[in-house]
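Breakdown of the fold
Residues per chain, in single letters:
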Amino acid sequence: QVTLVESGGGLVQAGGSLRLSCAASGRPFSSYAMGWFRQAPGKEREFVAAISRNGGWTNYADSVKGRFTVSRNNGMNTVYLQMNSLKPEDTAVYYCAAAYLGNPALTTREYDYWGQGTQVTVSS
């Protein structure tokens, strides 16, 4: 069991940056691969980025490669999503997710636990 709480969302102009955080509590954080997903109104939840249990491997959606960076600090039980060069199409609710003893997968099915989400709005 793990509880996830996202923070760091807000309103930013196109071209700006935000850093999202996801704080975990419960089981040892290093047991979980972590993913970031986002969902815009009227759209299905889509993959953004993921990171392996020890931080050695990452995956990114093509739409965010070169702009977003996922990282984790297992000592702080926290995963981050640094978002640079933000575009209006990045506007969505962003969710972090945990996969117990898992890999940094691209599909929602792989993840066991989800945070409540944090809103990111990018204006043009």
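Please refer to the structure higher up on the page.
In this report, the structure presented in the accompanying data block is examined. (Residues numbered from 1 in each chain as written. Predicted model: local features only at pLDDT ≥ 70, side-chain atom pairs only at ≥ 80, totals over all residues. Heavy atoms only, no water.)

**Quick notes on the side chain of Ser52**
Of note, Ser52 is situated in the loop between β5 (46–51) and β6 (58–60). According to the relative accessible area criterion, Ser52 is buried, its value standing at 9%. Residues in contact with Ser52, not counting those within four places in the same chain, are Ala33, Trp57, Arg72 and Pro104. (Helix = DSSP H or I, 4+ residues; strand = E, 2+ residues; numbered from the N terminus. Buried < 20%, exposed > 50% of the residue type's maximum accessible area, 1.4 Å probe, protein only. Contact = heavy atoms within 4.5 Å.)

**Things to note about the nonpolar core**
Membership of the largest hydrophobic core comes to 36 residues, with the highest contact counts inside it found for Met34, Trp36, Leu81, Met83 and Tyr94. For this core, the elements supplying multiple residues, two or more each, are β1 (2–7), β3 (18–26), β4 (32–39), β5, β7 (68–73), β8 (78–83), β9 (92–100) and β11 (118–123). Looking at which element gives the most residues to this core, the answer is β9, with six residues. Residues in contact with Met34, not counting those within four places in the same chain, are Leu4, Cys22, Phe29, Ala49, Ala50, Ile51, Arg72, Val79, Ala97, Ala98 and Tyr111. (Core = buried A, V, L, I, M, F, W, Y, C linked by side-chain atoms within 4.5 Å.)

**Overview of the side chain of Thr118**
Along the chain, Thr118 turns up in strand β11. Aside from chain neighbours lying at most four places away, what touches Thr118 is Glu6, Ser7, Gly8, Gly9, Leu20, Ala92, Val93 and Tyr94.

**Focus on the state of the cysteines**
What we call a disulfide is simply a covalent bond connecting the sulfur atoms of a pair of cysteines. In this structure the tally under the stated criterion is one disulfide. Bridging Cys22 to Cys96, the disulfide has an S-S length of 2.0 Å. Sign of the S-S torsion, about 55 degrees for the bond between Cys22 and Cys96, identifies this disulfide as right-handed. Of this pair, Cys22 sits in strand β3 while Cys96 sits in strand β9, and the two are 74 residues apart along the sequence. (Disulfide = S-S within 2.5 Å.)

**Section: the pattern of salt bridges**
Under the counting rule described, the total for this entry stands at four salt bridges. Between Asp90 and Arg38 there is a salt bridge, and its shortest N-O distance comes to 2.9 Å. In this pair, Asp90 is assigned in the loop between β8 and β9 and Arg38 in strand β4, connecting sequence segments 52 residues apart. Two residues, Lys65 and Asp62, come together in a salt bridge whose shortest N-O distance is 3.1 Å. The same class applies to Lys65 as to Asp62, namely exposed. A single network of salt bridges, built from pairs that share partners, joins Arg38, Glu46, Arg67 and Asp90. (Salt bridge = Lys/Arg side-chain N within 4 Å of Asp/Glu carboxyl O.)

By themselves, these figures tell us nothing about what the structure is for.
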